[in-house]
Amino acid sequence: MPSLDDLKKRIVSVKSTQKITKAMKMVAAAKLKRAQDSAEKGRPYSEKMNKIILNLSENISDKENAPKLLTGTGSEKVHLCIILTSDRGLCGGFNSNIIKKAKSFFEKITKEGKTLKIITVGSKGYDQLKRLYKDKIIETQAGDVSAYIPTNVISIF
């Protein structure tokens with residue numbers, strides 16, 4: 001049986017660990033709040049961009065000479081899926097839920113006989129998808145993606 005001193009040391013150790021865990025949770029909550037605020041600030045730009053693209057595509061008079069990115073090809077043979085996950089695993093089921101949804105969508109696309117191309121952003125997504133879909137992953141990015149613009153993706157289509 002442990003001595004009284006051993007028990008006291010153990011209690012102090014557990015309390016210290018609890019303090020560290022609580023501090024880590026507070027830091028994670030602050031980072032999540034900052035990320036949510038950043039996403040909310042970007043929403044008006046996204047909505048405006050969507051309106052601009054819809055306006056451009058609706059007002060095209062000469063569909064034969066218009067860019068294919070605006071008019072489309074009329075067929076949905078190729079699907080480009082961009083999977084956004086984190087680089088670290090301290091976010092509960094966030095990454096696994098994204099991967100589950102993506103895999104079910106990928107299965108649906110491949111069963112329909114359509115071509116699938118994948119871009120992964122975040123190392124967790126790439127690590128989980130490379131086992132089954134390595135040949136379909138055309139681009140991957142991990143780390144800071146704020147300055148990342150995949151210019152070669154448009155040329156693939």
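Worth saying up front: this structure is predicted, and the values here are computed from it rather than measured.

All told, the structure shown has four salt bridges when counted by the stated rule. The closest approach of N and O atoms between lysine 33 and aspartate 37, which form a salt bridge, is 3.2 Å. Here lysine 33 pairs with aspartate 37, and both are found in helix α1 (residues 4–58), just four residues apart, close to one helical turn. Of the residues examined, lysine 33 reaches a relative accessible area of 47% and is grouped as partly exposed. Judged by its relative accessible area of 32%, aspartate 37 is partly exposed. Linking aspartate 135 and lysine 136 is a salt bridge whose minimum nitrogen-to-oxygen distance equals 3.9 Å. Given a relative accessible area of 64%, aspartate 135 falls into the exposed group. Overall, lysine 136 belongs to the partly exposed group, its relative accessible area being 24%.

On to the sheet that holds strand β1 (residues 78–84), then. Taken together, three strands build an open sheet; the order of strands is β1-β2-β3 and the sheet is parallel. With one partner strand each, in any of the chains shown, β1 and β3 (137–141) form the two edges of the open sheet. With strand direction ignored, the average angle separating the axes of adjacent strands in the sheet is 15 degrees. Note that β1 and strand β2 (residues 115–121) share seven bridges and pair parallel. The residue bridging valine 78 from the neighbouring strand is threonine 115, located in β2. The strands that helix α3 (residues 94–111) touches are β1 and β2; relative to β1, the one it contacts most, it runs at about 175 degrees. Against the sheet, helix α4 (residues 123–133) engages β1, β2 and β3, with an angle of about 155 degrees to β2.

Together, Met49, Ile52, Ile53 and Leu56 make up a nonpolar patch on the protein surface, roughly 350 Å² of accessible area in all. Note on placement: methionine 49 falls in helix α1. Among the residues examined, methionine 49 registers a relative accessible area of 47% and is labelled partly exposed.

Let us now look at the confidence of the model for the chain. Across the chain, the average pLDDT comes to 82, with 88% of residues at 70 or higher. Across residues 151–157, confidence stays below pLDDT 50; counting only partners more than four residues off in sequence or on other chains, it has nine contacts.

With respect to the secondary-structure elements, serine 86 resides in the loop between β1 and α3. At 2.9 Å, the side chain of serine 86 forms a polar contact with the side chain of asparagine 95. Ignoring anything within four residues of it in the chain, the contact list for serine 86 reads Cys91, Phe94, Asn95, Gly122, Ser123 and Lys124.

Here is what the cut-offs are and how they apply
- Within each chain, residues carry numbers counting from 1 in the order of the written sequence.
- Only residues with pLDDT of at least 70 are given local features in this predicted model, and only at 80 or more are side-chain atom pairs given and counted; all residues enter the totals for whole chains, interfaces and linings.
- Values reported for side chains reflect all heavy atoms of the structure, with hydrogen atoms and water molecules removed beforehand.
- Salt bridges are identified by distance alone: a Lys or Arg side-chain nitrogen within 4 Å of an Asp or Glu carboxyl oxygen.
- Elements are defined by DSSP. Helices are runs of H or I of four residues or more, strands are runs of E of two residues or more, and each kind is numbered from the N terminus.
- Residue exposure (1.4 Å probe, protein chains only): buried if accessible area is under 20% of the type maximum, exposed if over 50%, otherwise partly exposed.
- A strand pair is defined by DSSP finding two or more bridges across the two strands.
- Between N-to-C directions, angles span 0 to 180 degrees; the directions come from axes that are lines fitted to C-alpha atoms, helices contributing only their stretch in contact.
- Working rule for contacts: check all heavy atoms of both residues, and any pair within 4.5 Å makes them a contact.
- Here a patch means residues that are over 30% exposed by relative accessible area and free of salt bridges, tied together within 9 Å if like-charged and within 5 Å if nonpolar (Val, Leu, Ile, Met, Phe, Trp, Tyr).
- Only the protein chains shown count as cover for residues, and the accessible areas themselves come from Shrake-Rupley with a 1.4 Å probe.
- The quantity known as pLDDT measures the predictor's confidence residue by residue, on a range of 0 to 100.
- Any N or O atom pair separated by 3.5 Å or less is treated as a polar contact, with the protein-specific requirement of one donor-capable and one acceptor-capable atom, and with residues adjacent in sequence counted only for side-chain atom pairs.

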